[in-house]
Amino acid sequence: MKTLKKFIPMAILIVVGLFVPTVLKSQFYMQSAIYVVIYMYWASSWNILGGYTGLFALGNGVYIGVGAYVTAVLFVYCGITPWIGMIIAGLVAGLLSVLIGYPVFKLKGMYYSLASIALMSVFELIFNNEMEIFGVYTGGPNGLRFPVTGRALDMQLSSKTSYYYLVLALLVIVLLFSDYIQNSKTGFYFRSIRANQDAAASLGVNVLKYKLTAHFISAFFTAVGGAVYVTTFLYVNAKQVFGMDLSFSMVLFCILGGANTLWGPVIGALLMVPIQQALRVAAGVELAALSSLIYGLALCLVMLFMPDGLLGAIKKLIAKRKTATVAPLAAAVTDAGQGGAEDE
Amino acid sequence: MLVLQAILDGILLGGVYSTLALGLSIAYGVMHIINWSTGQTLVAGLYIAYILVTKHNMDPYVTILFTFTILGAFGFLMQKTMINRIIERSGYRAGPNVLLFTAGYGYVVTSILEMIFGTLSVSATTRYTGKSLAIGPLYAPVPKLISCIIAVVATAIVYFFMHKSELGRAIRATSQDRNTTRLMGINSKLMYCIGFAISFALLGLTASLLVPYYPITPYIGTSFSFKALIIVVIGGVGNVKGAIYGGMFIGLVEKILGSLVSDSFAQVMVFCLFIIVLLVKPEGLMSKRTSKA
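This write-up is about the structure you can find in this document.

Scoring rules and cut-offs
- Residues numbered from 1 in each chain as written.
- Chains lettered and ligands numbered in written order.
- Predicted model: local features only at pLDDT ≥ 70, side-chain atom pairs only at ≥ 80, totals over all residues.
- Heavy atoms only, no water.
- Buried < 20%, exposed > 50% of the residue type's maximum accessible area, 1.4 Å probe, protein only.
- Helix = DSSP H or I, 4+ residues; strand = E, 2+ residues; numbered from the N terminus.
- Pairing = 2+ DSSP bridges.
- 1 Å grid on protein atoms, 1.4 Å probe; cavity = no way out; pocket = protein on both sides within 12 Å on 5 of 7 lines; lining within 4 Å.
- Points joined across faces, edges and corners; volume = space filled by probe spheres on them.
- Nonpolar A, V, L, I, M, F, W, Y, C, P; charged D, E, K, R; others polar.
- Core = buried A, V, L, I, M, F, W, Y, C linked by side-chain atoms within 4.5 Å.
- Contact = heavy atoms within 4.5 Å.
- Buried area = accessible area lost by both parts, 1.4 Å probe.
- Salt bridge = Lys/Arg side-chain N within 4 Å of Asp/Glu carboxyl O.
- Polar contact = N/O pair within 3.5 Å; in protein donor to acceptor, adjacent residues only side chain to side chain.
- Phe/Tyr/Trp six-rings, centres within 6.5 Å; stacked < 30°, edge-to-face > 60°.
- Lys NZ or Arg CZ within 6 Å of the ring centre and 35° of its normal.
- Expected span 1.5 Å × (residues − 1).

**Quick notes on the pairing of strand β2 (residues 138-141) of chain B**
Successive residues of a regular strand alternate their side chains across the two faces of the sheet. Residue and element names in this part refer to chain B. Here β2 shows a buried face lined by L138 and A140 and an unburied face lined by Y139 and P141. Examined bridge by bridge, strand β1 (residues 132-135) and β2 share 4 bridges and lie antiparallel to one another. Opposite A134, over in β2, you have Y139 as the bridge partner. Between β1 and β2, which follow one another and run antiparallel, lie 2 residues, and G136 among them has a positive phi close to 60 degrees.

Right under this line is the structure:
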């Protein structure tokens, strides 16, 4: 019964997701829907690293960029279809994340976040300023165009709707995987690292190994998303994929919905992306700032009033209801002890 | 000669970088939180100074009085009403949560500035603009020279304040061990507010120093935020001397590499240096060897 209950939200997501294109007729709405789903996907990928494992990476956009560029270069110069390219891109990004993670995990807390942002900025600067990287022409600020073949074999799908189904499939995969991780032994190791790294190490958890594992998984999924993202545009440039906004967005959506929960990232992106898209259209060019104003305000308000995100706040409310009727003291205790034990 | 001129430029730039980084460093050092809106706050200060200079014909260096006070008061209120609350409620996630909060606040500031002032770059023409002083074969633009001198004096004042005054000592004590200082009768929340106020006030000061020669758009904040973070980490967190050395160091690296190779190469090198320092000596190049938990 319990496993069945767990699959109800997933079933709702899939059914609603499949019916969205029949309601949204125009190309613009489909493009917005693609944005919504891909951000859900990225936020969920970040959640594995930032939510479950508690590694507050702020530069995960770097893997979107690496995934995008690897796929693009493989397709443009070697003719390897993005279907295979995205897997290779994911593995390259994963490998990179391990190479980066190995020294960086010596750093604790905020230093780790800083290093991750700095790294992304280095990639952005290099890809934006250099016309060639390792002798491969990547176009610098001009970016790199995919040759148009129009074949589904090259992931060049005929309509926005097909791309939408593709990213929806990716989202379902990452959610199923997150769910699996959450309840696996690895997931418990991840959470033990988040709760108290030193205590976990003293109990025999190989902290470095599991941090690197989380890093690899998160980077892999993020990069695959990056590969599909640029294939929908048939174009990639550095500002588009390495930007700070992209990295911050996935963190924001995840935390807004509730980090460390399966559905938090999905809810966060579902709330924020349509608002942004709608504002961008409604406000026009002269009020483009309005969308980033709302974005910033949302960030501030969530941090002020719901540091555990929407789902976290709801959970806390339910817990309070339950305990308040029994004994007010118990509620005070759960409030005080929310530090490490609030999950699940 | 090119190199000598680059060194001079680097020092003049580095002086202003020091006060910029000091603003971030004090907030980080005292509360162990990162103010991600450093650059955006600076830009807000730049616009305040710009209005005072162009609309009220004020001398750019007199605007320091206003930018310093306005932003200082704002920082105090922000810490008192909002950030203290976040720190209390977030537990072990206080650092990331405050960072995201200030990032959100940064977006708000940028978009409000964009709505008011538009996206075009403006610059204030002052009586110092375009004048330069010849020192032998080298040229030092007058506004940069004055700004650098004021920055160095201000940094010195902050140093003495933090190390010699009772209040400064209390702030530093709070940064070392919050709970013990509370037992000693120090109001740690108030110290947080004062620390954050000083940090914002210094950003206001930096804004007034930049206004005579720096073109302003709402978007220049991010690069300043990064600069400040890099300088703080390289110099050592919460360390006044570190901010000076770090600021000078980054100023010199930028100008020397910029004139010898290219500006973009200099920027990449600055980031690489930052990552190397983070990995090799995360407590900062200038800090003494202290074991920190």
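**Observations regarding empty space enclosed by the protein**
Residues and elements named next belong to chain A. For the structure on display, the rule yields 4 cavities of 30 Å³ or more. Taken as a whole, the largest cavity encloses approximately 110 Å³ of empty space. Lining the largest cavity are 13 residues; nearest its centre among them are Y63, I100, S116, L119 and H215. Contributions of two or more residues to the lining of the largest cavity are made by α3 (61-78), α4 (82-104) and α5 (110-129). Ranked by residues supplied to the lining of the largest cavity, first place goes to α5 with 4 residues. Looking at the lining of the largest cavity, its residues break down into 9 nonpolar, 4 polar and no charged.

**Quick notes on the nonpolar core**
Counting residues in hydrophobic clusters, the biggest one holds 197 residues, and the most contacted among them are A:Y39, A:W42, A:L175, A:V236, A:F248, A:F253 and B:W36. A per-element tally of this core places helix α2 (residues 27-52) of chain A first, with 16 residues. Apart from the residues within four sequence positions on either side, A:Y39 is in contact with A:L246, A:S249, A:F253, A:A269 and A:V273. Grouped together as the second largest cluster of nonpolar side chains are 5 residues, B:L8, B:L138, B:A140 and B:C148 included.

**Some points on the environment of B:A103**
Take B:A103: it is sitting in helix α4 (residues 94-117). The class for B:A103 is buried, based on a relative accessible area of 5%. Separated by 102 residues in the primary sequence, B:A103 and B:M1 place their C-alpha atoms 42 Å from one another. What B:A103 contacts, discounting residues up to four positions off in sequence, is A:F248, A:L299 and B:W36.

**A short note on the interface of chain B and chain A**
Contacts between the two partners involve 41 residues from chain B, matched on the other side by 42 residues from chain A. At the boundary of chain B with chain A, total buried surface from both sides reaches about 3,800 Å², with 77% on carbon and sulfur atoms. On the chain B side of the contact with chain A, B:Y92, B:L100 and B:Y107 bury the most area, a combined 18% of that side's loss. Our count for the contact surface shared by chain B and chain A stands at 0 salt bridges. For the interface between chain B and chain A, the tally reads 3 residue pairs in polar contact (both at pLDDT 80 or more). Elements with a contribution of two residues or more to the side of chain B that touches chain A: α3 (63-90), α4, α9 (221-235) and α11 (263-280) of chain B. Take the side of chain B that touches chain A: its biggest share by element is 15 residues, from α4(B). Tallied by class, residues from the side of chain B that touches chain A come to 28 nonpolar, 8 polar and 5 charged.

**Some thoughts on the packing of aromatic side chains**
Going through the model one piece at a time under the given rule, you end up with 31 aromatic pairs over all chains. Note on B:F74 and B:F200: the rings are 6.3 Å apart at their centroids and 35 degrees apart in plane angle, and the pair reads as tilted. A residue pair is termed long-range when its members are at least 10 positions apart, and B:F74 in helix α3 and B:F200 in helix α8 (residues 188-210) qualify at 126 residues. The class of B:F74 is partly exposed, set by a relative accessible area of 38%. By way of ring pairs, the aromatic residues A:Y35, A:Y39, A:W42, A:Y229, A:F233 and A:F253 are connected into one cluster. Over the ring of A:F188 we find A:R191; its NZ or CZ atom is 4.9 Å from the centre of that ring.

**Some details on the layout of surface pockets**
Of the voids in this model, the second largest pocket is the one considered here, and its volume is about 1,500 Å³. Lining the second largest pocket are 45 residues, with A:G243, A:M244, A:D245, B:Y107 and B:T222 positioned closest to its centre. The greatest single-element share of the lining of the second largest pocket, amounting to 7 residues, is contributed by α9(B). Residues that form the lining of the second largest pocket fall into these classes: 21 nonpolar, 18 polar and 6 charged.

**As for helix α5 (residues 142-164) of chain B**
Residues and elements named next belong to chain B. Taking 1.5 Å per residue as the helical rise, α5 with its 23 residues ought to reach 33 Å, and the 33 Å between its terminal C-alpha atoms agrees with that figure. For α5, the full list of buried residues reads V142, P143, S147, C148, A151, A154, T155, V158 and M162. Looking at the buried positions of α5, the neighbouring elements they touch are α1 (2-31), β1, β2, α6 (166-176), α8 and α10 (240-260).

**As for unusual backbone geometry**
One non-glycine residue, A:L234, lies in the positive phi region at around 55 degrees. With respect to the helices, strands and loops of the structure, A:L234 is situated in the loop between α9 (207-233) and β4 (235-236).

**Let's talk about the environment of B:I48**
Residue and element names in this part refer to chain B. Mapped onto the elements, I48 comes out in helix α2 (residues 38-56). Separated by 225 residues in the primary sequence, I48 and L273 have C-alpha atoms spaced 34 Å apart. Beyond its immediate sequence surroundings of up to four residues, I48 is in contact with T67 and I70.

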